[in-house]
Amino acid sequence: AGRDFIAGLSAECVASLLWTPLDVLKQRMQVGPTDLGTLGATRDACRVGVVGLWRGYFAGLAVWGPFSASYFAMYEGLRRAMGSGDGATEASARQSIPAGLGAGAAAALLTQPLDCAKTRIQVGAVPRN
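Conventions we followed
Residues numbered from 1 in each chain as written. Predicted model: local features only at pLDDT ≥ 70, side-chain atom pairs only at ≥ 80, totals over all residues. Heavy atoms only, no water. Helix = DSSP H or I, 4+ residues; strand = E, 2+ residues; numbered from the N terminus. Rg over C-alpha atoms; globule rule 2.2 N^0.38 Å. Buried < 20%, exposed > 50% of the residue type's maximum accessible area, 1.4 Å probe, protein only. Contact = heavy atoms within 4.5 Å. Axes fitted to C-alpha atoms, helices over the stretch in contact; angles between N-to-C directions. Parallel < 35°, antiparallel > 145°, perpendicular 65-115°, else oblique. Left-handed = near helix turned anticlockwise from the far one by under 90°. Nonpolar A, V, L, I, M, F, W, Y, C, P; charged D, E, K, R; others polar. Phe/Tyr/Trp six-rings, centres within 6.5 Å; stacked < 30°, edge-to-face > 60°. Salt bridge = Lys/Arg side-chain N within 4 Å of Asp/Glu carboxyl O.

## What to know about the overall build of the protein chain
Link 1 in the chain: Counting its regular elements, the protein chain contains four helices and zero strands.
Link 2 in the chain: The order of helices and strands in the protein chain, counted from the N terminus, is α-α-α-α.
Link 3 in the chain: Radius of gyration (C-alpha) of the protein chain: 18 Å, far over the 14 Å computed for a compact globule of 129 residues.
Link 4 in the chain: Along the first, second and third principal axes, the C-alpha atoms of the protein chain reach 60 × 25 × 25 Å.
Link 5 in the chain: The 129 residues of the protein chain split such that 35% are buried.
Link 6 in the chain: Considering only intrachain contacts with a sequence separation of at least 6, the fraction spanning at least 24 residues in the protein chain is 77%.

Okay, here's the thing in structure tokens:
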């Protein structure tokens, strides 16, 4: 379980480097004026420089790191607990689907309050018309 936890956390650190700019733009477009397009959201986020696209990276990591780490640890644990009993090492859909649902629900429940805080940080001060 520890190995799965570390693997999920490590993967999220790398994935967040790619997804944070898209998440920042999406959040800004959601809370900004209705005519704020992608270019306007990008300009607004980059007022402090290109680094503005990664605003909230560590806040996002505080959400998605624990989410991914706990998801993968719980998923593997649940999948193993629902073992087929026939000695097969590959998981069947009958094991994978409920394990994924259970792990995803539990991880989301644990991290949802952090996600709300992360969104506030990423949005920052968005000009309103």
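More follows now that the structure is in view.
## What about the packing of helix α3 (residues 57-81) against helix α4 (residues 93-123)?
Link 1 in the chain: For the pair α3 and α4, the least separation of the axes is 8 Å and the interaxial angle reads 165°. With respect to α4, the element α3 is oriented roughly antiparallel. Viewed along their axes, α3 and α4 form a crossing whose handedness is right-handed.
Link 2 in the chain: Classifying every residue of the contact of α3 with α4 by side-chain character gives 18 nonpolar, eight polar and three charged.

## Considering the environment of G124
Link 1 in the chain: Counting through the fold element by element, G124 comes out in the segment after α4.
Link 2 in the chain: Judged by relative accessible area, G124 falls into the partly exposed class, the value being 27%.
Link 3 in the chain: Here the alpha-carbon distance between G124 and R55, two residues 69 residues apart in the chain, equals 8.7 Å.

## Brief notes about the side chain of D4
Link 1 in the chain: With respect to the element layout, D4 can be found in helix α1 (residues 2-31).
Link 2 in the chain: Classification of D4 as buried rests on a relative accessible area of 12%.
Link 3 in the chain: Excluding residues that lie within four positions of it along the chain, D4 makes contacts with A69, F72, A73, E76 and R80.

## Brief notes about the packing of aromatic side chains
Link 1 in the chain: By the definition in use, this model includes five aromatic pairs.
Link 2 in the chain: Note on W64 and F67: the rings are 5.2 Å apart at their centroids and 75° apart in plane angle, and the pair reads as edge-to-face. Here W64 pairs with F67, and both are found in helix α3, just three residues apart, close to one helical turn.
Link 3 in the chain: The exposure class assigned to F67 is buried, which follows from its relative accessible area of 19%.
Link 4 in the chain: Taken together, W64, F67, Y71, F72 and Y75 form an aromatic cluster joined through their ring pairs.

## A word on the packing of α1 against helix α2 (residues 38-45)
Link 1 in the chain: Look at α1 against α2: their axes get within 9 Å of each other, and the N-to-C directions meet at 110°. Overall, the two elements α1 and α2 adopt an arrangement that is roughly perpendicular. Facing V24, L25, R28 and M29 of α1, the residues of α2 in contact are T38, A41, T42, D44 and A45.
Link 2 in the chain: Looking at the contact of α1 with α2, its residues break down into five nonpolar, two polar and two charged.

## Considerations on the pattern of salt bridges
Link 1 in the chain: Considering all chains together, one arrives at six salt bridges under this definition.
Link 2 in the chain: Residue K26 pairs with D23 through a salt bridge whose shortest N-O separation is 3.6 Å. Of this pair, K26 and D23 are both found in helix α1, three residues apart, which corresponds to roughly one turn of the helix.
Link 3 in the chain: For K26, a relative accessible area of 40% gives the class partly exposed.
Link 4 in the chain: A salt bridge links R80 to E76; the shortest N-O distance between them is 3.7 Å. You can see R80 and its partner E76 sitting in helix α3, four residues apart, about one turn around the helix.
Link 5 in the chain: Salt bridges linked by common partners bring D4, E76, R79 and R80 together as one network.

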